[in-house]
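# An overview of the molecular structure
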Amino acid sequence: AQKITQTQPGMFVQEKEAVTLDCTYDTSDQSYGLFWYKQPSSGEMIFLIYQGSYDEQNATEGRYSLNFQKARKSANLVISASQLGDSAMYFCAMREYRGSTLGRLYFGRGTQLTVWP
Amino acid sequence: SAVISQKPSRDICQRGTSLTIQCQVDSQVTMMFWYRQQPGQSLTLIATANQGSEATYESGFVIDKFPISRPNLTFSTLTVSNMSPEDSSIYLCSVGERDRGKLFFGSGTQLSVL
């Protein structure tokens, strides 16, 4: 079974609107971390936001917030006030924590976001 | 966060040749990784670069094809050997934060093999 599922291959949003990128994950571990990365057409991977499984509040970083619903195993990324520069591929990822050992980082297949004026 | 310099940023290579990609970090790091991203795909871990010992390769990747060096805690290289068009990908160096395992990535190397 896939560890990370991103069901939206592509999303479109108008500039200044908010957009939600979906991510669901699969783990039986209680301790894990969820990450979102942005990959512009230049190819670099840019870290956006992190949510720990024990964090009680949803993570926020500027215009990015993570809608964490633990029971549903979802970790959707919300981008508020979209900008043209937000057009990129977005990857959701998860890492399981097992004591002092960091499990491998699993990536989803990505969602291509296009922001139009 | 670590600053990671990766070069070359892109290259076009002939079939059968080899390319070495360099990754330099501005601070000492324990965990350093190499990823491959084939066109339109997600990231796949090639190997963990271990300082002072052989790299740890993931299933499907072998040392003869992707030799890795890690001479110190700030530098690593990945060589793509005997290239074929199927090796055309983005190759990314990354370093890991110890406590949460957050990864920081280099700018990537876009490789095209003709």
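You'll find the structure just up there.
Calculation criteria
Residues numbered from 1 in each chain as written. Chains lettered and ligands numbered in written order. Predicted model: local features only at pLDDT ≥ 70, side-chain atom pairs only at ≥ 80, totals over all residues. Heavy atoms only, no water. Helix = DSSP H or I, 4+ residues; strand = E, 2+ residues; numbered from the N terminus. Buried < 20%, exposed > 50% of the residue type's maximum accessible area, 1.4 Å probe, protein only. Contact = heavy atoms within 4.5 Å. Areas by Shrake-Rupley, 256 points an atom, 1.4 Å probe, with all protein chains shown as cover. Lys, Arg positive; Asp, Glu negative; His and termini not counted. Charge placed at Lys NZ, Arg CZ, Asp CG, Glu CD. Buried area = accessible area lost by both parts, 1.4 Å probe. Salt bridge = Lys/Arg side-chain N within 4 Å of Asp/Glu carboxyl O. Polar contact = N/O pair within 3.5 Å; in protein donor to acceptor, adjacent residues only side chain to side chain.

## Digging into the overall build of chain B
- A count of helices and strands for chain B gives 0 helices and 11 strands.
- Listing the helices and strands of chain B from first to last along the sequence gives β-β-β-β-β-β-β-β-β-β-β.
- Considering only C-alpha atoms, chain B reaches an extent of 40 × 25 × 20 Å along its principal axes.
- Counting only residues that meet the buried cut, chain B has 52% of its 114 residues in that class.
- Residue pairs in contact within chain B that sit at least 24 positions apart in sequence constitute 53% of those at least 6 positions apart.
- For chain B, the computed accessible surface area is about 5400 Å², with 47% contributed by carbon and sulfur atoms.
- Side chains of chain B give 9 positive and 9 negative charges; the mean places of these two sets differ by 5 Å.

## Structural notes on the interface of chain A and chain B
- Between chain A and chain B, the contact holds 19 residues from the first and 21 residues from the second.
- Both sides together, the interface formed by chain A and chain B hides about 1600 Å², and carbon and sulfur atoms give 55% of it.
- Here chain A and chain B share 1 salt bridge between them.
- Between Arg104 of chain A and Glu58 of chain B there is a salt bridge; the shortest N-O distance is 3.2 Å.

## Looking at the side chain of Thr27 of chain A
Residue and element names in this part refer to chain A.
- Structurally, Thr27 is set in the loop between strand E4 (24–25) and strand E5 (32–39).
- Overall, Thr27 belongs to the buried group, its relative accessible area being 5%.
- Separated by 3.0 Å, the side chain of Thr27 and the backbone nitrogen of Asp29 make a polar contact.
- Contact partners of Thr27, with chain neighbours within four places excluded, come to Lys3, Tyr32, Lys73, Met94 and Glu96.

## Remarks on the pattern of salt bridges
Residue and element names in this part refer to chain B.
- All told, the structure shown has 6 salt bridges over all chains when counted by the stated rule.
- A salt bridge links Lys102 to Glu97; the nearest nitrogen and oxygen atoms lie 3.9 Å apart.
- By relative accessible area, Lys102 is classed as buried at 10%.
- Connected through salt bridges with shared partners, the residues Glu97, Arg100 and Lys102 form a single ionic network.

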